[in-house]
Amino acid sequence: MTTSRRKFIKISALGLGGAFASTSAFSLFGNNSYLSEKTAQNIAKNLKKTATYCEVCFWKCAAWAYSDENNTIKKIIGNDNDPHCYGRLCPRGTGGVGMYADEDRLKTPLIRTTIDGEETFREASWDEALDLIASKFKNIKEKYGAESFALLKHGSPGKHLEHLFKAYGSDTIAEPAYAQCRGAREAGFNLTFGSWIGSPEPTDIRDTKCLVLIGSHIGENMHNSQVQEMSDAIDNKATIITVDPRLSTAASKSKYWLAIKPATDIALMLAWMNVIIKEEIYDKAYVEKYTTGFEELKKHVANFTPEWAYGITTIQPAEIRKTAREMAHAAPAVIIHPGRHVSWYGDDTQRARAMAILNGLLGSWGRRGGFYFKEKISVPKYPHPKYPHPKWDWSDIGEKFPLAQMGITTEVIKCAIPSKDNKYPVKALMVAGTNITKSIPNKKLLEKAMNELEFMVVLDTMPMDVTGYADVVLPECTYLERYDGIRSATNREPSIAVRVPAVKPKYDSKPGWWVAKQIGDRIGLSDYFRYSDYKEVIEWQLQKMGTSLDEMKKIGVKNFPRTSRPLYLEENEDYEFPTESGKIELYSKELENLGFDPMPVYTKHPEPPQGFYRLNYGRAPMHTFSRTANNPNLNDLKSENNLWVNPKVARIIGLKKGQSVWLKNQDGVTSTFSIKVRVTERIRWDSVYMVHGFGHDNKKLTRAFGKGINDTQMITKTMDDPIMGGTGMRGNFVTILTENPYKKQAI
Amino acid sequence: MRYAMVIDTLKCVGCSDCVVACQTENDVPIGYCRDWITETVDGTYPNVVLELKSERCNHCATAPCVRCCPTGASHIVEGGIVLVTADECIGCGACIESCPYDARYQHPDGYVDKCTFCHHRLKKGQLPACVSVCPTKCMYFGDLDNPNSEVSMLLKNRKHKTLAPEAGTNPHVFYLI
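Note that the structure is predicted; figures quoted are calculated from it, not measured.

**Student:** So what's going on with the overall build of chain B? Residues and values would help.
**Tutor:** From N to C terminus, chain B includes six helices and ten strands. For 177 residues, the compact-globule formula gives about 16 Å, and the C-alpha radius of gyration of chain B, at 16 Å, lands near that figure. Projected onto the principal axes, the alpha-carbon positions of chain B cover approximately 50 × 40 × 35 Å. Counting over 177 residues, chain B shows a buried share of 49%.

Structure below.
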């Protein structure tokens, strides 16, 4: 095995996998589509129904997996009693069958080796792979301390490995879900209301009268219950106001679409505050009783008139006033939605603060149709010895960002690059359930860091790009093939859901909990894993919670009554917000003390130079991150992304619909692959747009390889949020190449 | 009994869940579909209108596919559902050509296939798979002969349209606009 010069290996070679006959399931019902109805009925009777919750995204909807006698998942249907999905999965959940069936899945452990000077992977047994990993755990601890072994993770497998790492003595743990996604809104709302937004968001969309989406595109992001509730809101004739430079799906459902100039949201929000305060249409009683800093805010926004904002945002003053009044009219049943992926421009905590302040002025926090007080039920901790105390951890690594509430992935990665100032050397890395080469921008830095590592192990179900950098690759079985931790999330009413294996793991794949335990057992941490099957853990926990695994297998989801407090504030209730002042902090002393603006200010961000367009990116409803691009069912719905360009731009450059183009960004980085042009009036002329998660580098992803452009590859300039360390990714500009830039090299 | 589907374009987000739910329910091979999403964009930035909708066989009362089928494989059953008896289908493709909605495709096994309104589910008292999965609840299904059914009420109270009315097919899929 080689550990230096970590070259990307496209997982392949050396007899990997062999020929696994892909069973064609579709002729199951025979050739006769009419008679097949009867056959279908018969077969339907034999389908086994197993309780699970989805892992295709983070919403974790509870569902029933239907499998046949051949150990094949036939379909997956939402659990009617689940507040995450109300019995209706999204396309990705329904298409979860493809995650299981994907013939490109990782099939066996792989170990990096060199043959004839070429780095490649060879198949290995679990014992060999785990022994090797265990030896590295011991070795790193002896040489540098356990803290130097870092974990980057996402989702359910991440939880099991987090336990392993903490038991081992390392809390050098981070996930892209924070600094590269929703961290800024958690910080911004926490500063204002003393409470995280969390997931699912406690937005009372179904009962709202006015939903304000600022760059958040519900309907393209399929955050299931939110999409459903937005639909209910449409039925209820709620006003939707969407602020987006692109006519998103949500914008098309909106009474008001404010086609804002990118990167100017804060100016619009300051103008809204100006109107709401000047016209005295804020919730006076609420502001008086529950907030602090109103006078300072009033003074602060006095000059931020709609006319001022017009010059910045390109939104007409009359529109700004009208929409502000609509919000106030609907208040308190109004939601300025905090969004989810908000790591945009580096002032994202302040942007989230502006949203939070608007909600405070309109009195929507703790009100019906605004934000409800969320509640969850805590799952009893399965007994284990205390975790050792690491000498340093994620918070030390992120110390220059005072309000980072979780590990900052990019900072942890930087620690892998040796330097004199690096007090927190990261020498080994485990990556679980996250394709960091697609979720983390600035690939050069990432590759440099990975190159410096002494050891890197990746756990995934698919040969994602990141696996190509690993020394050891472990094939995880999918969520449909394993037990997992109990899902307990915040909601209107607490609920739990269980995940029970519907079928046996395909190939030689194993559950994340098993991998964690196997490593733990090998490095003397057996006391932390006192079970032979994770089933025992959840059985014990469920019993403590007054139910049982047997019951949960039958019902899948259990809802519990609220015990904390009512869902909304009572009339004139004396309520202390969990902030330092006990009030909603319109003016933040905490920020002031840390040397930041106590109230949001608008900062002008760089604009694209001539011939360049701002690169915006977003979601397609049938895909999750870069994780689902190869899923046969979901790939069938959307196999590549497109470059959205305004017809004006198309005319100037001479672009035609469907034409393949390449992109080059402001730093001279050219896209590896091409992308097909989509000429559409749905986008502004100063920006281009693509769906995130395409342009896969690994040929082993046979359907996804080379399809479309990876937006993250074009993101080489990032703007750090000084407050919480978020990675602003919307400040990259691209120019469109109509000629293949690699043509010459081919000759 | 006259089955109809009513789809609210004001709520549809075009997520394609109906497509994948149909595929898994009806074992539609990957690469084919019995239903699909269309997107129409009108206007000039920033005065743009977008319509998203889920389309499929319209189960026409005056079905050109049934009329032109040389073997009788395409036929209408109770409730007005247009079906294809695969055993009787010779795969000539006349029905595919005749359909103004492009709703039929040739199954890799040779016969012509299309939406059945999930006939097998209806018999069990279940809704079509697409209707039951839709996260926006924008799809409604029921009996047009019953004036109190959800579909009848929606068509009575809401502005709606059908696709290609000029084809004179009397379709049973309606779109609220």
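**Student:** Pulling in residues and values, what's your account of the overall build of chain A?
**Tutor:** Each helix and strand in chain A was counted, giving 25 helices and 27 strands. Relative to the compact-globule value of 27 Å for 747 residues, chain A shows a C-alpha radius of gyration of 26 Å, a close match. Taken along its principal axes, the extent of the C-alpha atoms in chain A is 70 × 70 × 70 Å. Taken across its 747 residues, chain A has 61% of its residues classed as buried. The long-range fraction of contacts in chain A, counting pairs at least 24 apart against all pairs at least 6 apart in sequence, stands at 74%.

**Student:** How would you summarise the confidence of the model for chain B if you had to cite specific residues and measurements?
**Tutor:** With 100% of its residues at a pLDDT of 70 or more, chain B has an overall mean of 96. Our summary of model confidence lists the complex with pTM equal to 0.94 and ipTM equal to 0.96.

**Student:** Please give an account of the sheet that holds strand 12 (residues 334-336) of chain A that cites residues and values.
**Tutor:** All names here are of chain A. Within the open sheet, the four strands sit side by side as 10-9-8-12. Their pairing is parallel. Only two strands of the sheet have a single partner each, and these edge strands are strand 10 (256-258) and strand 12. Within the sheet, the average angular offset between the axes of one strand and its neighbour, ignoring direction, is 10 degrees. Here strand 8 (residues 210-214) pairs with strand 12 via three bridges, running parallel. Within strand 12, the residue paired with Val 212 across the bridge is Ile 336.

**Student:** Provide a residue-level description of the domain arrangement of chain A, including the pertinent values.
**Tutor:** Residues and elements named next belong to chain A. Per the domain assignment, the segments of chain A are domain 1 (181-374) and domain 2 (613-746). The straight-line distance from the C-alpha centre of domain 1 to that of domain 2 is 29 Å. At the junction of the two partners, domain 1 supplies 21 residues and domain 2 supplies 22 residues. Listed by contribution, the elements that provide at least two residues to the side of domain 1 that touches domain 2 are helix 6 (176-193) and helix 14 (348-362).

**Student:** Could you give me a rundown of the interface of chain A and chain B, with the residues and numbers involved?
**Tutor:** Each side of the interface is counted separately: chain A has 46 residues, and chain B has 41 residues. Broken down by element, the residue count for the side of chain A that touches chain B peaks at five residues, all from helix 7 (residues 224-235) of chain A. By residue class, the composition of the side of chain A that touches chain B is 21 nonpolar, 16 polar and nine charged.

**Student:** Give me the sheet that holds strand 1 (residues 48-53) of chain A: which residues, what numbers.
**Tutor:** Hydrogen bonds along the backbone pair up the strands of a sheet, which may run parallel or antiparallel. Residue and element names in this part refer to chain A. Pairing within the open sheet is antiparallel, and its three strands lie in the order 1-2-3. Looking at strand neighbours, the two that pair on one side only are strand 1 and strand 3 (73-78), the edges of this open sheet. Strand-to-strand twist of the sheet, defined as the mean angle between neighbouring strand axes without regard to direction, takes the value 30 degrees. Here strand 1 runs beside strand 2 (residues 62-67); their pairing, made up of six bridges, is antiparallel. Within strand 2, the residue paired with Lys 48 across the bridge is Ser 67.

**Student:** An account of the nonpolar core is needed here, citing residue identities and associated values.
**Tutor:** Residue and element names in this part refer to chain A. Formed by 276 residues in total, the largest nonpolar core has its most connected members in Leu 270 and Met 273. The element that contributes the greatest number of residues to this core is helix 9 (residues 265-278), accounting for eleven residues. If you count residues domain by domain, this core takes at least three from each of domain 1 (181-374) and domain 2 (613-746). Residue contacts for Leu 270: discarding those within four places in its chain leaves Val 301, Phe 304, Ala 309, Ala 354, Pro 600 and Tyr 602.

**Student:** Describe unusual backbone geometry, listing the residues and the values that go with them.
**Tutor:** Of the consecutive residues Ser 199 of chain A and Pro 200 of chain A, the connecting peptide bond is found in the cis state with omega at -10 degrees. Within the secondary structure, Pro 200 of chain A sits in the loop between helix 6 and strand 8. The residue after Tyr 45 of chain B, namely Pro 46 of chain B, is reached through a cis peptide bond having omega 0 degrees. Along the chain, Pro 46 of chain B falls in the loop between strand 2 (36-44) and strand 3 (47-55). The phi dihedral of Ser 16 of chain B falls on the positive side, at around 75 degrees, and the residue is not glycine. Along the chain, the position of Ser 16 of chain B falls in the loop between strand 1 (3-8) and helix 1 (17-26). A count of 27 C-beta atoms within 10 Å places Ser 16 of chain B in the buried class. One non-glycine residue, His 59 of chain B, lies in positive phi territory at about 45 degrees.

**Student:** Let's hear about the packing of helix 9 of chain A against helix 12 (residues 306-313) of chain A: which residues, and what values?
**Tutor:** Residue and element names in this part refer to chain A. Where helix 9 meets helix 12, the closest approach of the two axes is 9 Å, and the angle between their N-to-C directions is 165 degrees. Judged on the interaxial angle alone, helix 12 and helix 9 are roughly antiparallel. Crossing of helix 9 over helix 12 shows left-handed handedness. Contact residues: Ala 267, Leu 268, Leu 270, Ala 271 and Val 275 in helix 9; Pro 306, Trp 308, Ala 309, Ile 312 and Thr 313 in helix 12. Among the residues forming the contact of helix 9 with helix 12, the class breakdown is nine nonpolar, one polar and no charged.

**Student:** So what's going on with the packing of helix 9 of chain A against helix 14 of chain A? Residues and values would help.
**Tutor:** All names here are of chain A. Packing of helix 9 against helix 14 brings their axes to within 10 Å, and their N-to-C directions diverge by 20 degrees. Viewed along their axes, helix 9 and helix 14 adopt a mutual orientation that is roughly parallel. The hand of the helix 9/helix 14 crossing is left-handed. Where helix 9 approaches helix 14, its residues Asp 265, Ile 266, Met 269, Leu 270, Trp 272, Met 273 and Ile 276 are matched on the opposing element by Gln 350, Arg 351, Ala 354, Met 355, Ile 357, Leu 358 and Leu 361. Tallied by class, residues from the contact of helix 9 with helix 14 come to eleven nonpolar, one polar and two charged.

**Student:** Break down helix 1 of chain B for me, citing the residues and quoting the values.
**Tutor:** All names here are of chain B. Within helix 1, ten of the ten residues are buried, which leaves it mostly tucked inside the rest of the structure. Regarding helix 1, the residues found buried are Asp 17, Cys 18, Val 19, Val 20, Ala 21, Cys 22, Gln 23, Thr 24, Glu 25 and Asn 26. Phi turns positive, to about 50 degrees, at Asp 27, one or two residues after helix 1.

**Student:** An account of the environment of Arg 562 of chain A is requested, with residue identities and associated values reported.
**Tutor:** All names here are of chain A. The residue Arg 562 is located in the loop between strand 18 (557-559) and strand 19 (584-585) in this model. By C-beta crowding, Arg 562 is classed as partly exposed, having 15 other C-beta atoms within 10 Å. Along the backbone, Arg 562 and Leu 247 are 315 residues apart, and their C-alpha atoms lie at a distance of 39 Å. Those residues in contact with Arg 562 that sit more than four places away from it in its chain are Glu 375, Glu 493 and Pro 494.

Quick notes on the rules
Residues numbered from 1 in each chain as written. Chains lettered and ligands numbered in written order. Predicted model: local features only at pLDDT ≥ 70, side-chain atom pairs only at ≥ 80, totals over all residues. Helix = DSSP H or I, 4+ residues; strand = E, 2+ residues; numbered from the N terminus. Rg over C-alpha atoms; globule rule 2.2 N^0.38 Å. Buried ≥ 20, exposed ≤ 12 C-beta atoms within 10 Å, placed from the backbone. Contact = placed C-beta atoms within 7 Å. pLDDT = per-residue confidence, 0-100. Pairing = 2+ DSSP bridges. Axes fitted to C-alpha atoms, helices over the stretch in contact; angles between N-to-C directions. Domains from an automatic or database assignment. Nonpolar A, V, L, I, M, F, W, Y, C, P; charged D, E, K, R; others polar. Core = buried A, V, L, I, M, F, W, Y, C linked by C-beta atoms within 7 Å. Parallel < 35°, antiparallel > 145°, perpendicular 65-115°, else oblique. Left-handed = near helix turned anticlockwise from the far one by under 90°.

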